[in-house]
Amino acid sequence: EKELVNEKSRDEILEFMTDTIFEDWIVEGIDDVRVSHKYGREVHVVNDAGIVFAAKPFILVLMSDGAIETEADSALPEIAKGIYEIEIGN
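Here the structure is a predicted model, which is why all the values come from computation and not from measurement.

A.B. asks: What am I meant to see in the nonpolar core here?
C.D. replies: As a rule of thumb, nonpolar side chains are buried together in soluble globular proteins. Grouped together as the largest cluster of nonpolar side chains are 16 residues, with contacts concentrated most on Ile26, Ile30, Val52 and Leu60. Elements with a contribution of two residues or more to this core: helix H2 (26-29), strand E2 (45-52), strand E3 (58-63) and helix H3 (69-88). The dominant element in this core, judged by the number of residues it contributes, is H3, at four residues. Non-local contacts of Ile26, meaning those with residues more than four positions away in its chain, are made with Val35, Asp48, Ala49, Gly50, Leu60, Leu62 and Ala80.

A.B. asks: Even after reading the chapter, I still don't get the packing of aromatic side chains, so can you show me in this structure?
C.D. replies: The relation between two aromatic rings is expressed through the spacing of the ring centres and the mutual angle of the planes. Enumeration over the complete set of coordinates arrives at one aromatic pair. Centroid distance Trp25 to Tyr39: 5.2 Å. Interplanar angle 50°. Geometry classified as tilted. On the criterion of sequence distance, the pair formed by Trp25 in the loop between helix H1 (7-18) and H2 and Tyr39 in strand E1 (residues 35-42) is long-range, its members being 14 residues apart. Taking the relative accessible area as the measure of exposure, Trp25 reaches 3% and is therefore buried. Geometry around Phe53 places Arg34 over its ring, the cationic atom sitting 4.8 Å from the centre. Above the ring of Tyr39, the side-chain terminus of Lys38 is found at 5.6 Å from the ring centroid.

Calculation criteria
Numbering of residues begins from 1 in every chain and follows the order in which that chain's sequence is written. Thresholds applied to this predicted model are a pLDDT of at least 70 for local features of residues and 80 or more for the giving and counting of side-chain atom pairs; totals over whole chains, interfaces and linings are not thresholded and use all residues. The side-chain numbers reported here are obtained from all heavy atoms of the structure, hydrogens and water having been left aside. Each nonpolar core is a collection of buried residues, namely Ala, Val, Leu, Ile, Met, Phe, Trp, Tyr and Cys, held together in the definition by side-chain atoms within 4.5 Å. Throughout, exposure labels follow a simple rule: accessible area from a 1.4 Å probe, protein chains only, divided by the maximum for the residue type, with under 20% read as buried, over 50% as exposed, and the rest as partly exposed. By definition, any uninterrupted DSSP run of H or I lasting at least four residues is a helix, any uninterrupted run of E lasting at least two residues is a strand, and each is numbered from the N terminus. We call two residues in contact whenever any of their non-hydrogen atoms come within 4.5 Å of each other. Any Phe, Tyr or Trp ring, taking Trp's six-membered ring, that has another such ring centre within 6.5 Å forms a pair; planes under 30 degrees apart are called stacked, those over 60 apart edge-to-face, and the others tilted. By the criterion adopted, a ring carries a charge over it if an Arg CZ or a Lys NZ lies within 6 Å of its centre and within 35 degrees of its normal.

Spatial relationships are all this shows, so hold off on functional conclusions.
Structure follows, in structure tokens:
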């Protein structure tokens, strides 16, 4: 099996995606485990995608189109929290 990046580079990339000043959306909704994520924001578009390092890690992608940004700012963390609770069995 061919590696795309070595372990050191992988850890560095994940650290950049974890330790950010952009802690809205997924991270705001899931605040008790590590989340490595990348967000995107344009006019009427709010997206956040990341790896949730729960006991059983999973990938979570939240995307919107035609969004009212203030509504997305409150809805996306709630959606992330709900999905997280389903995934961990709460």
